[in-house]
There are 2 protein chains.
Amino acid sequence: MAEASVKPTPLLKDELDIVIPTIRNLDFLEMWRPFFEQYHLIIVQDGDPSKTIKVPEGFDYELYNRNDINRILGPKASCISFKDSACRCFGYMVSKKKYIYTIDDDCFVAKDPSNKDINALEQHIKNLLSPATPNFFNTLYDPYREGADFVRGYPFSLREGVPTAVSHGLWLNIPDYDAPTQLVKPRERNSRYVDAVLTIPKGTLFPMCGMNLGFNRELIGPAMYFGLMGDGQPIGRYDDMWAGWCVKVICDHMGWGVKTGLPYIWHSKASNPFTNLRKEYKGIFWQEDLIPFFQSVVLPKECTTVQKCYIELSKLVKEKLGPIDPYFVKLSEAMVTWIEAWDELNPAGDASKSDRRRKASF
Amino acid sequence: MAEASVKPTPLLKDELDIVIPTIRNLDFLEMWRPFFEQYHLIIVQDGDPSKTIKVPEGFDYELYNRNDINRILGPKASCISFKDSACRCFGYMVSKKKYIYTIDDDCFVAKDPSNKDINALEQHIKNLLSPATPNFFNTLYDPYREGADFVRGYPFSLREGVPTAVSHGLWLNIPDYDAPTQLVKPRERNSRYVDAVLTIPKGTLFPMCGMNLGFNRELIGPAMYFGLMGDGQPIGRYDDMWAGWCVKVICDHMGWGVKTGLPYIWHSKASNPFTNLRKEYKGIFWQEDLIPFFQSVVLPKECTTVQKCYIELSKLVKEKLGPIDPYFVKLSEAMVTWIEAWDELNPAGDASKSDRRRKASF
């Protein structure tokens, strides 16, 4: 215990929750112990709720299984996916912290080129605490990093930057490929460490992966909905993509930034490409309409909160994507349910007070 | 000579010119000999035309001084800047090759992290010969690079990419900072090697530096005008920026890509920040209007060639920027003169034939 007492307090220790969706024992946390042990974990147990998930000793956590989700949300639990890692967004909703880091349980600590263990969480926090630059591209990447700055020709009025809402980290070893690419390139591994963080420009969409992701929950939380995937749904593996497209459109509207690049985690195991193809194939078709849709979305000026933006977006989804497949009508309704559930668990105003109220009422 | 005969032919040997603006002897070429020796050089001598510029032996080159420019262009020579490296664009105009690489004479060969000399030109050629992806962001950077691909969620219909018009390379050692940043951070050096090439997304402007730049002259050449800078003009050091903003807007309209990142060169010497401040200060003000202007430019559908786009842009410059300062009226007229001179030296149709005609008429 004497040893523990001299540990330095990590950044944002009391302002960040780590959200982990899982169906298995969380042995992977052993490797993350030096970096995660002082933070609070929110574990969202997917699948059979009667199964017991073992969490290594010494971690501070709360765990929710499907029964908990149903109990807490009641009929609104329908918006939380089952048998799909999309269920993780329930953790975002029950958290009361300002920041979230979410990671998959097949992700391990990666090493930088000097062979040092990468503290992924610390890098995400740095990304989230420094501004973003979505309005003009800086060719030397993150201008706020030590040893870097804005280059000649970068407008001075834009150098203050904007708040960063999302920090999207990358993966060494198994790249995040779709099923067709997995099938075509079964042996491809990512060994390239690109030492950069950059802001994804305003107006540009990107494929957001939920494997290694940090965000400012207070800013963008209500838009971090991972949609309807998995059990009873026609698609899977588009949960994080869906969230990313919604989030990016809303960040662009609100004037916030999305960063990608560092940190890397070590992605240990490729999922089964045949299973993935079954989950993805409708998404692969639909995506060809989804991208032009999201590229064309213009949110009205009246949308001054993320909730208002998201409700507006849900209407556009029903109207423009509904004709493609009834799934999108269902999804648009789930988007509304999500916001209702979010607002119920997160009443406007004093977050810590509402936290206590909520806990007392369970 | 036996040795020379076994040298492998470098990529695009007969399809690329290296353009170098200079006021001094080109000793810096010694270091580039292994990479440049088999290419043709176009040297644009700035300043006093009576001075003799020494070029190391063994290089194949043509050299133009101010007298040559005046003789070749006649009254249209007014569009070519004097006493400013913006004069380099004359080299783009007289070239008849498909590709251009331009480099400053204070740029040396950089080393990669494994301490190997970087063949900057070869990397630019790779960038130019592979497609670009301006319509959607790929989080693992250049998807066409060996060991990389498009990640999950990248629309399949966009994976063919678009032609690459520009390859913008970076700088180790002295970063390309403006005068205020140079003054504030006199000792800052760039030592970060970021192992990535990426496409600057459609709709996003960037600060294009002319120090280490490759482009497809056949595609975008007529828009690579470096403006009116230096002698008799109220600003300097915005030549490449101006070209970059025009080029990016036109590439976005035409559906072509602009890449930035690798390769690095070693930038040896910072220019004088006090001199730079004098050259830049009007640009620093004006830029605050220029960026919103370029961000708002919409070129009409009728603009189906770069020339038409550029003439349209010149009209918008006169109309929208003219009220800021008479300089922009002058610049807009120079933009038209540039296109007239370009078309005169580069008649549509058979490039090699027009090349011969032009040479005969001098």
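Looking at an unreviewed UniProt entry, one finds chain A named UDP-arabinopyranose mutase 1, with Cucurbita argyrosperma subsp. sororia as its source organism. According to the UniProt record, the Sequence similarities (unreviewed entry) comment for chain A is "Belongs to the RGP family."

Residues and elements named next belong to chain B. For strand β1 (residues 16-22), the buried fraction is high: seven of the seven residues fall into the buried class. Burial along β1 is two-sided: the face carrying Leu16, Ile18, Ile20 and Thr22 and the face carrying Asp17, Val19 and Pro21 are both buried. Both β1 and strand β4 (residues 99-103) contribute to a ladder of four bridges, which runs parallel. The residue bridging isoleucine 18 from the neighbouring strand is tyrosine 101, located in β4. Relative to strand β2 (residues 40-45), β1 runs parallel, the two sharing six bridges. Each bridged residue has a counterpart across the sheet, and for isoleucine 18 the counterpart in β2 is leucine 41.

With that settled, consider the interface of chain B and chain A. With 60 residues of chain B at the interface, the matching set in chain A holds 60 residues. When chain B packs against chain A, close to 4,900 Å² is buried across both sides, 57% of that on carbon and sulfur atoms. There are 10 salt bridges connecting chain B and chain A. For the salt bridge of arginine 192 of chain B with aspartate 195 of chain A, the shortest nitrogen-to-oxygen distance reads 3.5 Å. At the junction of chain B and chain A, the tally comes to 28 residue pairs in polar contact (both at pLDDT 80 or more). Breaking the side of chain B that touches chain A down by element, the ones donating at least two residues are β6 (164-173), α6 (179-184), α8 (239-254), β9 (257-267) and α9 (273-296) of chain B. Looking at the side of chain B that touches chain A, the element that brings in the most residues is α9 of chain B, giving six residues. For the side of chain B that touches chain A, the per-class residue count stands at 30 nonpolar, 13 polar and 17 charged.

Scoring rules and cut-offs
- Residues numbered from 1 in each chain as written.
- Chains lettered and ligands numbered in written order.
- Predicted model: local features only at pLDDT ≥ 70, side-chain atom pairs only at ≥ 80, totals over all residues.
- Heavy atoms only, no water.
- UniProt positions renumbered as here; feature names shortened; annotations may be inferred.
- Buried < 20%, exposed > 50% of the residue type's maximum accessible area, 1.4 Å probe, protein only.
- Helix = DSSP H or I, 4+ residues; strand = E, 2+ residues; numbered from the N terminus.
- Pairing = 2+ DSSP bridges.
- Contact = heavy atoms within 4.5 Å.
- Buried area = accessible area lost by both parts, 1.4 Å probe.
- Salt bridge = Lys/Arg side-chain N within 4 Å of Asp/Glu carboxyl O.
- Polar contact = N/O pair within 3.5 Å; in protein donor to acceptor, adjacent residues only side chain to side chain.
- Nonpolar A, V, L, I, M, F, W, Y, C, P; charged D, E, K, R; others polar.

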